[in-house]
Amino acid sequence: VKRVVKEFFQSWMASKVSAQSRWGGDCPMKAWKRMQALDTSLMPKRYKDFVKECYMEPRTENREKVLLHNIFKGIKDEITIEDLVKAIKRSPAKSAAGPSRVGNLAFQMLGEEGLEGIRALFNRCLKENTIPNCINTATMCLLPKTEAGLDDLNKVRPIALMENITKIFERIVIGRITEDNQK
């Protein structure tokens, strides 16, 4: 069973293509902009309609709402040491770690110099609109839903154990978004 599951996930993951590969460019934001500028004039009508309905119209509508209501103002403001410390304190000490196996307890034990390095990384992520691949990874695990264990693949669910440093960054950004939306 372990071999079959491993082969399935390897072949499934191999079939996935990154945004950069699909749309070109050396960073996700450039790829996103290129996709948004997609020329649909040579596409069959059903594909044009699909692209318009799924990508173009919602994007235009949401952009207008953002501008009209000043939504997300301050989301990309520089992250402070206080923001970082608050997010780390809110992180459970015994949370499962991603591929690096660095747990939240390690982040909670960092001194000022270590925190400053992470803060600089997070601010660079905000500025460049991307998260480096080295911390944007996860370990896939299968959890059995029943006592049958991994014998029946219909009775398991996959989970992704993300890197804790990425969870901390997300906690800061999501915190800003929810604070902004509650105002």
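Report follows, based on the coordinates. (Residues numbered from 1 in each chain as written. Predicted model: local features only at pLDDT ≥ 70, side-chain atom pairs only at ≥ 80, totals over all residues. Heavy atoms only, no water.)

Focus on the overall build of the protein chain
In step 1: Broken down by element type, the protein chain carries eight helices and two strands.
In step 2: Tracing the protein chain from N to C terminus, the helices and strands come up as α-α-α-α-α-α-α-β-β-α.
In step 3: Taking the contacts inside the protein chain whose residues are at least 6 apart along the sequence as the reference set, 60% of them involve residues at least 24 apart.
In step 4: For the protein chain, the accessible surface area stands at approximately 13,300 Å², while carbon and sulfur atoms represent 56% of it. (Helix = DSSP H or I, 4+ residues; strand = E, 2+ residues; numbered from the N terminus. Contact = heavy atoms within 4.5 Å. Areas by Shrake-Rupley, 256 points an atom, 1.4 Å probe, with all protein chains shown as cover.)

Digging into the side chain of arginine 119
In step 1: Counting through the fold element by element, arginine 119 comes out in helix H7 (residues 112-128).
In step 2: For arginine 119, the side chain forms a polar contact with the side chain of glutamate 78, separated by 2.9 Å.
In step 3: Residues in contact with arginine 119, not counting those within four places in the same chain, are Glu78, Ile79, Thr80, Ile81 and Leu84. (Polar contact = N/O pair within 3.5 Å; in protein donor to acceptor, adjacent residues only side chain to side chain.)

Observations concerning the nonpolar core
In step 1: If you look at the biggest cluster of nonpolar residues, it comprises 17 residues, and the most contacted ones within it are Leu84, Phe122, Ile168 and Phe169.
In step 2: The set of elements that each furnish at least two residues to this core consists of helix H5 (81-89), H7 and helix H8 (164-182).
In step 3: Setting aside chain neighbours within four positions, we find phenylalanine 169 in contact with Ile79, Phe122, Cys125, Leu126 and Ile131. (Core = buried A, V, L, I, M, F, W, Y, C linked by side-chain atoms within 4.5 Å. Buried < 20%, exposed > 50% of the residue type's maximum accessible area, 1.4 Å probe, protein only.)

A look at the environment of lysine 89
In step 1: As for its placement among the helices and strands, lysine 89 is situated in helix H5.
In step 2: Considered as a pair, lysine 89 and asparagine 104 are 15 residues apart in the sequence and their alpha carbons are 9.0 Å apart.

Structural notes on H5
In step 1: For H5, the complete set of buried residues consists of Leu84, Ala87 and Ile88. The buried residues of H5 occupy an angular sector of 100 degrees when projected down its axis, which confines them to one face. H5 presents Glu82 and Lys89 as exposed residues on the side facing more than 90 degrees away from its buried surface. (Arc of directions from axis to C-beta.)

Points about the packing of H5 against H7
In step 1: Two elements in contact, H5 and H7, have axes whose closest approach is 10 Å; the angle formed by their N-to-C orientations is 105 degrees. With respect to each other, H5 and H7 are oriented roughly perpendicular. Touching Ile81, Leu84, Val85 and Ile88 of H5 are Leu115, Glu116, Ile118, Arg119 and Phe122, all from H7. (Axes fitted to C-alpha atoms, helices over the stretch in contact; angles between N-to-C directions. Parallel < 35°, antiparallel > 145°, perpendicular 65-115°, else oblique.)

Some points on the packing of aromatic side chains
In step 1: Evaluation of the coordinates by the stated rule reveals one aromatic pair.
In step 2: Taken together, a centroid distance of 5.0 Å and an interplanar angle of 55 degrees make the contact between phenylalanine 122 and phenylalanine 169 tilted. Of this pair, phenylalanine 122 sits in helix H7 while phenylalanine 169 sits in helix H8, and the two are 47 residues apart along the sequence. A single burial state applies to phenylalanine 122 and to phenylalanine 169, both of which are buried. (Phe/Tyr/Trp six-rings, centres within 6.5 Å; stacked < 30°, edge-to-face > 60°.)

Some points on H7
At 3.6 residues per turn, the α-helix brings residues three or four places apart onto the same side.
In step 1: If you check H7, its first and last C-alpha atoms are 24 Å apart, about what 17 residues at 1.5 Å a residue would give, namely 24 Å.
In step 2: What H7 keeps buried is the set Leu115, Ile118, Arg119, Phe122, Asn123, Cys125 and Leu126. Angularly, the buried residues of H7 cover 150 degrees about the axis, an arc narrow enough to put them on a single face. In H7, those exposed residues whose orientation departs by more than 90 degrees from the buried face are Glu113, Arg124 and Lys127.
In step 3: Asparagine 129 sits one or two positions beyond H7 and adopts a positive phi of about 55 degrees. (Expected span 1.5 Å × (residues − 1).)

Details of unusual backbone geometry
In step 1: For arginine 101, which is not glycine, the phi dihedral falls at a positive 65 degrees.
In step 2: Among the structural elements, arginine 101 can be located in the loop between H5 and helix H6 (104-108).
In step 3: Taking the relative accessible area as the measure of exposure, arginine 101 reaches 68% and is therefore exposed.
In step 4: A positive phi angle, close to 55 degrees, is found at asparagine 129, a residue other than glycine.
In step 5: With respect to the secondary-structure elements, asparagine 129 resides in the loop between H7 and strand E1 (138-144).
In step 6: In this structure asparagine 129 comes out as partly exposed when scored by relative accessible area, which is 35%.

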